[in-house]
Amino acid sequence: DALCTDEVNGYTCACNPGFLGSGYLCVDADECVIGSHNCADNAANCVNLVGSYRCDCPPGTHSTNGGFPCVACPVGTAATSVDASDCSICAANFFGSPTDACQPCPVG
């Protein structure tokens, strides 16, 4: 979690990106808590990872072209992945809302 460099009289260490500390003791920096992420700028939710973070689109939205910002899934589709990065068209005789899975159409 740190990078150390040899010096004439010893060595110095610095924490790697995504970590905080003295360089000799480094801990994960929770970018979501400290606000050093850009997820909110993209209408996405921040998820902390060790040494990094990721932005997930909220339910009913998806990322565009594998990037951001998050945009709403159209009516008649449903988000298909945990991070809601894709929307699928509901099959015939099913309906969907952008925040729910596809459901069978009511009979009658």
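Everything below is about the structure printed above this text.
These lines cover the structure that appears in this document, whether it is placed above or below. Small disclaimer: the values here were computed from a predicted structure and weren't measured. (Residues numbered from 1 in each chain as written. Predicted model: local features only at pLDDT ≥ 70, side-chain atom pairs only at ≥ 80, totals over all residues. Heavy atoms only, no water.)

1. Some thoughts on the side chain of Glu 31
And step 1. Residue placement: Glu 31 occurs in helix H1 (residues 31–34).
And step 2. Here Glu 31 occupies a buried position and makes no salt bridge, while the nearest side chain of opposite charge, Arg 54, is found at 11 Å.
And step 3. Those residues within four positions of Glu 31 in sequence are excluded, and the remaining contacts are Gly 18, Ser 36, His 37, Cys 46, Asn 48, Leu 49, Gly 51, Ser 52 and Tyr 53. (Helix = DSSP H or I, 4+ residues; strand = E, 2+ residues; numbered from the N terminus. Buried < 20%, exposed > 50% of the residue type's maximum accessible area, 1.4 Å probe, protein only. Lys, Arg positive; Asp, Glu negative; His and termini not counted. Salt bridge = Lys/Arg side-chain N within 4 Å of Asp/Glu carboxyl O. Contact = heavy atoms within 4.5 Å.)

2. A short note on the state of the cysteines
And step 1. In this structure the tally under the stated criterion is five disulfides.
And step 2. A sulfur-sulfur separation of 2.0 Å characterises the disulfide bridge that pairs Cys 32 with Cys 46. Disulfide Cys 32-Cys 46: the torsion about the S-S bond is -80 degrees, which places it as left-handed. Linking Cys 32 in helix H1 with Cys 46 in strand S5 (residues 45–49), this pair joins segments that are 14 residues apart in sequence.
And step 3. In this structure Cys 46 comes out as partly exposed when scored by relative accessible area, which is 23%. (Disulfide = S-S within 2.5 Å.)

3. Side note on the pairing of strand S1 (residues 2–7)
The side chains of a regular strand alternate, first on one face of the sheet and then on the other.
And step 1. As judged from the six bridges shared by S1 and strand S2 (residues 10–15), these two strands associate in the antiparallel manner. Each bridged residue has a counterpart across the sheet, and for Leu 3 the counterpart in S2 is Ala 14.
And step 2. Here S1 hands over to S2 after two residues, the two strands then running antiparallel side by side. (Pairing = 2+ DSSP bridges.)

4. With respect to the nonpolar core
And step 1. Counting five residues, the largest nonpolar core is built from Cys 39, Ala 44, Cys 55, Cys 57 and Cys 70.
And step 2. Excluding its chain neighbours within four sequence positions, the residues that come into contact with Ala 44 are Cys 39, Cys 55, Asp 56, Cys 57, Pro 58, Phe 68 and Cys 70. (Core = buried A, V, L, I, M, F, W, Y, C linked by side-chain atoms within 4.5 Å.)

5. Observations concerning the environment of Phe 68
And step 1. Summarising the element assignment, Phe 68 is placed in strand S8 (residues 67–72).
And step 2. Given the relative accessible area of 34%, Phe 68 is considered partly exposed.
And step 3. For the pair Phe 68 and Asn 42, spaced 26 residues apart in sequence, the C-alpha separation works out to 5.8 Å.
And step 4. Aside from chain neighbours lying at most four places away, what touches Phe 68 is Asn 42, Ala 44, Cys 55, Cys 57 and Ser 63.

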